[in-house]
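Coordinates in review
What follows is each chain in one-letter form.
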Amino acid sequence: MRIAPPAFTVLLSSALSGLVSASGFDCKGIKIEGFKYDLSPLGGVHTLWHVNETETYTVNTTYVLNICSTLRGAANRDDMKCGTSKNICGFEIKHPRDDSGNSHQGFPIAGLDPVGHGSKEAEITRLKKDDPEREGLRLTMSGGEYRYQDNKKKKTNAVIEFQCDPDRSGLEGLGTTKEGADKEENKGRRDGDRSPSLEFKSFDMSEADDMYVLRLDWKTRYACDNYKGDDNSDSSGHWGFFTWLIIIFFMCAAAYLIFGSWLNYNRYGARGWDLLPHGDTLRDIPYIFQDWLRRVINTLQGTGSRGGYSAV
């Protein structure tokens with residue numbers, strides 16, 4: 001058995017650690033300009049549909065994304081494959097107007113290459129940086145490519161604007177299947193929401209960047225600057241106070257019992273139950289409780305019997 005040289009081992013470990021660090025976009029620990037954001041509730045695989053009609057084709061595209069992790073198995077759809085290391089994929093089916101035969105392809109939009117080359121280059125900024133009147137975040141992710149006419153390829157990226165909306169969780173209208181998404185959307189409409197929280201804006205060629213750009217809008221409370229989280233912080237604070245109160249009570253009771261027992265032992269040479277301060281009272285507690293319970297029962301029975309009489 002051959003053992004890898006130390007230099008190779010160090011190089012391999014550093015490469016693997018670099019791969020792990022490059023593959024993760026921390027949805028939970030976002031800190032920008034003194035504000036903290038947690039987009040992890042928006043994690044998971046979500047699906048969007050878009051239909052584009054031209055003079056020669058009807059193009060039906062399904063976009064699948066998971067901003068917090070890779071798509072894994074969701075990156076494969078029918079016989080179209082995008083790459084399991086990706087965060088955002090597109091699945092495109094072209095229907096020619098002349099019914100000459102459909103064509104389809106799966107293409108990556110953002111994420112790492114299968115062997116770790118490249119980077120999704122996640123970049124996140126506040127919307128107020130460009131417009132003081134807007135509150136939210138803009139996430140830019142790259143690392144994909146799109147094959148268009150004559151099998152030519154262009155790089156792709158995704159720009160997702162998380163827009164602050166205190167009344168939306170961001171999951172309204174989302175689903176992993178078309179039927180599930182329709183149900184969620186109808187439910188949102190019944191609750192007063194007129195549109196899904198995640199909306200497709202465009203997938204077009206950007207002449208300035210020489211790449212295809214997928215643009216999405218995502219309305220959610222998690223993009224608000226002062227959102228404190230789903231849990232009730234005041235309630236958790238009260239629970240913390242009562243927890244400390246109970247701990248202090250038990251510590252005081254334990255100190256009282258220990259000190260009282262020590263005092264009875266040294267002053268009176270007490271043993272057993274006599275060690276405990278007010279030991280007689282403690283021994284009588286079961287009997288006191290029985291007497292109290294008997295009085296309660298007798299009171300209730302007496303009240304019930306008197307209530308059974310009626311005037312003649």
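Thresholds, definitions, all that
Residues numbered from 1 in each chain as written. Predicted model: local features only at pLDDT ≥ 70, side-chain atom pairs only at ≥ 80, totals over all residues. Heavy atoms only, no water. Disulfide = S-S within 2.5 Å. Helix = DSSP H or I, 4+ residues; strand = E, 2+ residues; numbered from the N terminus. Buried < 20%, exposed > 50% of the residue type's maximum accessible area, 1.4 Å probe, protein only. pLDDT = per-residue confidence, 0-100. Contact = heavy atoms within 4.5 Å. Salt bridge = Lys/Arg side-chain N within 4 Å of Asp/Glu carboxyl O. Pairing = 2+ DSSP bridges. UniProt positions renumbered as here; feature names shortened; annotations may be inferred.

Considerations on the state of the cysteines
With the rule as written, the count across this model stands at three disulfides. A disulfide bridge connects cysteine 27 with cysteine 68, and the sulfur atoms are separated by 2.2 Å. Taking the sign of the S-S torsion, about -120° here, the bridge from cysteine 27 to cysteine 68 comes out left-handed. With cysteine 27 in the loop between helix H1 (6-22) and strand E1 (30-32) and cysteine 68 in the loop between strand E4 (57-65) and strand E5 (76-77), this pair connects stretches of sequence that are 41 residues apart. The exposure class assigned to cysteine 68 is partly exposed, which follows from its relative accessible area of 26%. Two residues, cysteine 82 and cysteine 89, share a disulfide whose sulfurs are 1.8 Å apart. Judged by the sign of its S-S torsion, about -75°, the bond between cysteine 82 and cysteine 89 is left-handed.

Focus on the confidence of the model for the protein chain
When the pLDDT values of the protein chain are averaged, the result is 79; 75% of them are 70 or greater. Here residues 176-191 scores under 50 on pLDDT; set against residues more than four positions off or in separate chains, the count is 16 contacts. Residue range residues 307-312 is modelled with pLDDT below 50. Its contacts to residues more than four positions away, or to other chains, number zero contacts.

With respect to the pattern of salt bridges
For the coordinates displayed, the defined rule picks out 13 salt bridges. With a shortest N-O distance of 2.7 Å, lysine 154 and aspartate 210 are connected by a salt bridge. With a gap of 56 residues between them, lysine 154 in strand E11 (residues 153-164) and aspartate 210 in the loop between strand E12 (198-206) and strand E13 (211-220) connect regions that are remote in the sequence. Residue aspartate 210 is classed as partly exposed on the basis of its relative accessible area of 43%. Linked through salt bridges whose partners overlap, the residues forming this network are Glu33, Arg126, Lys128 and Asp225.

Re the environment of valine 59
Here valine 59 is to be found in strand E4. Taking the relative accessible area as the measure of exposure, valine 59 reaches 11% and is therefore buried. Considering only alpha carbons, one finds valine 59 and asparagine 102, 43 residues apart in sequence, at a separation of 9.8 Å. Ignoring sequence-local partners within four residues, the contact set of valine 59 consists of His50, Val51, Asn52, Glu92, Ile93 and Lys94.

Notes on the pairing of E13
E13 sits mainly inside the fold: eight of its 10 residues count as buried. Bridging between E11 and E13 involves nine bridges; their strand directions are parallel. Note that in E13 the partner of glutamine 163 across the bridge is lysine 219. As defined by bridge partners, E12 adjoins E13 across eight bridges and the pair is classed as antiparallel.

Comments concerning the UniProt feature "transmembrane region" (unreviewed entry) in the protein chain
Residues annotated in UniProt with the feature "transmembrane region" (unreviewed entry) correspond here to residues 241-263. Counting secondary structure, residues 241-263 comes out at 100% helix and 0% strand; the distance between its end C-alpha atoms is 33 Å.

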